[in-house]
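Structure at a glance
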Amino acid sequence: MTNATMSKQAKVTVVVDSRYGSTLALAQAIASGARRQGADVRLCRVDIAEPEFSVDTNRADFIAAQREYADLPRASAADLEWADGIIWGSPTRYGLMSTPLRAFIDEVAPLWRAGALIGKVGAVFTSTGGMHSGNEMTLMSLMLPFLQHGMILCGVPHSEPALIKTQKGGSPYGASVVTGFDGRRGVDDNELAIGAALGARVARLSAQVEAEPASVDIAAAAAC
Ligand SMILES: Cc1cc2nc3c(=O)[nH]c(=O)nc-3n(C[C@H](O)[C@H](O)[C@H](O)COP(=O)(O)O)c2cc1C
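Residues take numbers from 1 onward in each chain, read along the sequence in its written order. Local features in this predicted model are restricted to residues whose pLDDT is 70 or higher, and side-chain atom pairs enter the listing and the counts only when it is 80 or higher, whereas totals over whole chains, interfaces and linings include all residues.

1. Looking at the overall build of the protein
Defined as follows: Numbered from the N terminus, helices here are DSSP runs of H or I no shorter than four residues, and strands are runs of E no shorter than two. Exposure in this text rests on C-beta crowding, where 20 or more other C-beta atoms within 10 Å of a residue's own make it buried, 12 or fewer make it exposed, and counts in between make it partly exposed. The C-beta atoms are placed from the backbone. Each residue is represented by a C-beta atom placed from its backbone, and any two residues with such atoms within 7 Å are regarded as in contact.
Looking only at helices and strands, one finds 10 helices and 6 strands in the protein. Dimensions of the protein along its principal axes, counting C-alpha atoms only, are 55 × 45 × 30 Å. Counting across all 224 residues of the protein, residues that qualify as buried make up 46%. In the protein, the proportion of contacts linking residues at least 24 apart, taken out of those at least 6 apart, comes to 81%.

Here is the structure:
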């Protein structure tokens, strides 16, 4: 009997922001890994509200990725409430998560007040141009809102062989890609394997935990 058949079917929401498609490719690998583990998966995007002036909209990978990205459903607070496990990721921007993903996280702030995500499982992913220019720091920045929401963080253990083999992205802190500053290093098999392993692990863990719904307002009132 597999873990998936022993416990409830996990519901996993993957929220992605991407321009040139590498973070999107990683999100798809994560979603596939979770599905292979038996989870019901929603793969959603965030809104790209404004053009970013340093994004080259003439690049072929931008044009191809944006067609695919636009076809994804737009993430909502309901997608996070529905899920037992939430995995979100964005390209690195100045060593941090992107503004569109951050805007989405701000948008779902009422979930924090309601304590709606307490006890759910969270995990993160990113893509950077450079090898040592914010890859792991972006993963850390993506984790902080999960801790504020009272969630349980999930990373990638070194029992995943691709984590030992990788020559660029992927870390114990989450899944990641290093594309090179012109994007030409792309996404490789180790990075995708680490993404799939993360998705599968979130599916396994979130099938075993129960959310702990609790009102932050009631706790605040009790503290006075
Ligand atoms: C405004 C801006 C800021 C960026 N900041 C960083 C950075 O701090 N470190 C880095 O390695 N790459 C940085 N990049 C490059 C992107 O993170 C990189 O191109 C990423 O692979 C794109 O992911 P995507 O293919 O999903 O769009 C930046 C790109 C832009 C447009």
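2. A word on the environment of Ala 116
By the element assignment, Ala 116 lies in the loop between helix H6 (109-114) and strand E4 (121-128). Given 21 C-beta atoms within a 10 Å radius, Ala 116 is considered buried. Residues Ala 116 and Ala 214, spaced 98 residues apart in sequence, show a C-alpha to C-alpha distance of 6.9 Å.

3. Examining the site of the ligand
The condition is simple: The C-beta atom of each residue is placed using the backbone, and any residue whose C-beta lies within 6 Å of a molecule or strand is treated as near it. When residues are sorted by character, Ala, Val, Leu, Ile, Met, Phe, Trp, Tyr, Cys and Pro go into the nonpolar class, Asp, Glu, Lys and Arg into the charged class, and all the rest, Gly among them, into the polar class.
Taken together, 22 residues form the shell around the ligand, and within it Ser 18, Tyr 20, Thr 23, Pro 91 and Thr 128 come nearest. Taken together, the elements giving at least two residues each to the shell around the ligand come down to helix H2 (22-36) and E4. No other element matches the 3 residues that H2 contributes to the shell around the ligand. Along the lines of polarity and charge, the residues of the shell around the ligand split into 5 nonpolar, 14 polar and 3 charged.

4. Here we look at H2
Stated precisely, the cut-off is as follows: A helix is expected to span 1.5 Å multiplied by its residue count minus one.
An ideal rise of 1.5 Å per residue puts 21 Å on 15 residues; H2 measures up with 21 Å between its terminal C-alpha atoms. The element H2 is extensively covered by neighbouring structure, given that 12 of its 15 residues are classed as buried. Listed as buried for H2 are Ser 22, Thr 23, Leu 24, Ala 25, Leu 26, Ala 27, Gln 28, Ala 29, Ile 30, Ala 31, Gly 33 and Ala 34. Immediately beyond the C-terminal end of H2, within one or two residues, lies Gly 38, with a positive phi of roughly 100°.

5. With respect to the pairing of strand E1 (residues 11-16)
Going by this rule: Two strands are counted as paired when DSSP detects at least two bridges linking them. Every crossover in which the path from the first strand over the helix to the second runs clockwise, viewed with the strands pointing away from the viewer, is termed right-handed.
Across the 6 residues of E1, 6 count as buried, placing the element largely inside the fold. Here E1 shows no split at all, with Lys 11, Thr 13 and Val 15 on one side and Val 12, Val 14 and Val 16 on the other all buried. The pairing of E1 with strand E2 (residues 40-45) spans 6 bridges and is parallel. Looking at E2, one finds that Val 12 is bridged to Val 41. Each parallel crossover has a hand, and for E1 linked through H2 to E2 it is right-handed. Relative to strand E3 (residues 85-91), E1 runs parallel, the two sharing 5 bridges. Looking across to E3, one finds that Thr 13 is bridged to Ile 86.

6. Thoughts on unusual backbone geometry
You will see that Tyr 94, though not glycine, has its phi angle at about 55°, which is positive. The topology assignment puts Tyr 94 in the loop between E3 and helix H5 (99-107).

7. Some remarks on helix H7 (residues 135-148)
Note that an α-helix has 3.6 residues per turn; residues three or four places apart therefore point the same way. Of all the positions in H7, only Asn 135, Thr 138, Leu 139, Ser 141, Leu 142, Met 143, Pro 145 and Phe 146 are classed as buried. For H7, the secondary structure elements touched by its buried residues are E3, H5, E4, strand E5 (152-153) and strand E6 (175-178). Immediately beyond the C-terminal end of H7, within one or two residues, lies Gly 150, with a positive phi of roughly 75°.

8. Digging into the pairing of E6
Here E6 shows a buried face lined by Ala 175 and Val 177 and a second buried face lined by Ser 176 and Val 178. For E4 and E6, the ladder comprises 4 bridges, and the chain directions are parallel. Bridge assignment links Thr 126 to a residue of E6, and that residue is Ser 176.

9. A word on the environment of Pro 145
Positionally, Pro 145 belongs in helix H7. Measuring from C-alpha to C-alpha, the distance between Pro 145 and His 132 comes to 23 Å, with 13 residues separating the pair along the chain.

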